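Survey of secondary and tertiary structure
Each chain, written out:
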Amino acid sequence: MAHQLLKGKKGIIFGALDERSIAWKTALTVVAEGAEIVLSNAPIALRMGKINELAALCNNAPVIAADATSTTDLETLMQKSMEATGGKLDFILHSIGMSPNVRKTIPYTDTNYDNFHKTLDISALSLHRVLQAAMKTDALNEWASVVALSYIAAQRSFPGYNDMADAKALLESIARSFGYQYGFAKKVRVNTVSQSPTVTTAGSGVAGFDVFFTYAEKMSPLGNATAEDCANYCATLFSDYTRMVTMQNLFHDGGFSNTGVSHLIVEEIQKANKVDNI
Ligand code: NAI
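Predicted model, so just to flag it, every value in this text is computed and none were measured.

1. Notes on the overall build of the chain
When helices and strands are counted, the chain shows eleven helices and seven strands. Here the C-alpha atoms of the chain give a radius of gyration of 19 Å, agreeing with the 19 Å that 2.2 N^0.38 yields for 278 residues. Oriented by its inertia axes, the alpha-carbon framework of the chain measures out at about 70 × 45 × 40 Å. When burial is assessed residue by residue, the chain has 50% of its 278 residues classed as buried. Sequence-distant contacts, at least 24 apart, represent 77% of the contacts inside the chain between residues at least 6 apart. As displayed, the chain has an accessible area near 13200 Å², and 55% of this comes from carbon and sulfur atoms. In the chain, 24 positive and 27 negative side-chain charges are present, and the distance between their average locations comes to 4 Å.

2. Some words on the packing of aromatic side chains
Applying the stated criterion to the full structure yields twelve aromatic pairs. Note on phenylalanine 178 and tyrosine 182: the rings are 5.9 Å apart at their centroids and 50° apart in plane angle, and the pair reads as tilted. A residue pair is termed a helical-turn pair when its members lie 3 or 4 positions apart in one helix, as phenylalanine 178 and tyrosine 182 do in helix H7 (residues 164-186) at four residues. Across the pair, exposure class does not vary: phenylalanine 178 and tyrosine 182 are buried alike. By way of ring pairs, the aromatic residues Tyr151, Phe158, Tyr161, Phe209, Phe212, Phe213, Tyr215 and Phe256 are connected into one cluster. Directly above the ring of tryptophan 143 sits arginine 243, whose terminal nitrogen or CZ lies 4.1 Å from the centroid.

3. Observations concerning the side chain of lysine 9
Of note, lysine 9 is situated in the segment before strand S1 (10-14). Non-local contacts of lysine 9, meaning those with residues more than four positions away in its chain, are made with Ala35, Glu36, Asp90, Phe91, Phe238, Ser239 and Asp240.

4. Thoughts on the confidence of the model for the chain
In the predicted model, the chain carries a mean pLDDT of 96, and the fraction of residues at 70 or more is 99%. The element-level mean pLDDT for the chain is lowest in helix H8 (residues 201-204), coming to 84, with strand S6 (residues 189-195) highest at 99.

5. As for helix H9 (residues 209-219)
Each α-helix turn comprises 3.6 residues. Residues three or four places apart therefore point the same way. Buried within H9 we find Phe209, Phe212, Ala216 and Met219. Burial along H9 is one-sided: seen end-on, the buried residues are contained in an arc of 95°. More than 90 degrees from the buried face of H9, the exposed residues found are Asp210 and Val211. Contacts made by the buried residues of H9 are with H8 and helix H11 (263-277).

What counts, and where the lines are drawn
Residues numbered from 1 in each chain as written. Predicted model: local features only at pLDDT ≥ 70, side-chain atom pairs only at ≥ 80, totals over all residues. Heavy atoms only, no water. Helix = DSSP H or I, 4+ residues; strand = E, 2+ residues; numbered from the N terminus. Rg over C-alpha atoms; globule rule 2.2 N^0.38 Å. Buried < 20%, exposed > 50% of the residue type's maximum accessible area, 1.4 Å probe, protein only. Contact = heavy atoms within 4.5 Å. Areas by Shrake-Rupley, 256 points an atom, 1.4 Å probe, with all protein chains shown as cover. Lys, Arg positive; Asp, Glu negative; His and termini not counted. Charge placed at Lys NZ, Arg CZ, Asp CG, Glu CD. Phe/Tyr/Trp six-rings, centres within 6.5 Å; stacked < 30°, edge-to-face > 60°. Lys NZ or Arg CZ within 6 Å of the ring centre and 35° of its normal. pLDDT = per-residue confidence, 0-100. Arc of directions from axis to C-beta.

Below you can see the structure in the form of structure tokens.
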């Protein structure tokens, strides 16, 4: 389906851990669309993950470690990426998230605040750090596009999502606030994509994931958007066809966010009620 939509463009893809990662699919998609990329992830993820396999599939893309909570790592990454690709960059995918409270199944009402700080630092402030590092090193061309991945728990409560909901709310706010600054400064655009539940390492770690994956599937007129669908959408957002879109949270969820209740959910409840009444 490639259209060379990103021919001549260069960018950084953060967060490809394994073949299920949204970043993994996005890397393959943007390369198929003609882009040249640098892959980055936290040092520990590079040691554990399979990123070199992905790099080989992406025209031997350079792999550069950076902890998204380290300003120094990110500034070095920007410099090295410009050196590796021979110029400034046109897009960045921020596909980074982690909550120690979710990992350790610590309830939201009994949160561990050190963990909570880590959640916010890794999953939200990291977007600010990435943008600040890009600005300081003047790493982005005019009209460059930065996309971060979010989830509807930023607007509505999904109890199992725990402190990641607060992190996503902050992430979306940073996209607006930095998008304003970078837009006026350099015509750089910053958006978040609010993606359907997707079976990945980060996604499956959320309590009750299977249930809300199925619930979202039945609620969404188009069904859940897959990681491949998300990759395609990100490619359009990196392209020149969306150059006036900035400071937005864009729902990519098969219609879930605008559905009150679906007939499929009503039927499920009716069925359950009938069983109860027998
Ligand atoms: P994933 O687990 O494959 O990706 C998360 C990535 O974050 C990993 O590659 C991990 O190494 C990286 N990361 C964690 N700590 C880091 C650090 N300190 N520095 C740099 N990188 C770090 O899972 P997935 O689902 O592909 O997640 C990507 C993004 O999509 C996340 O922001 C997630 O919250 C978001 N998202 C996921 C949904 C889902 O259901 N899977 C739904 C909506 C949004």
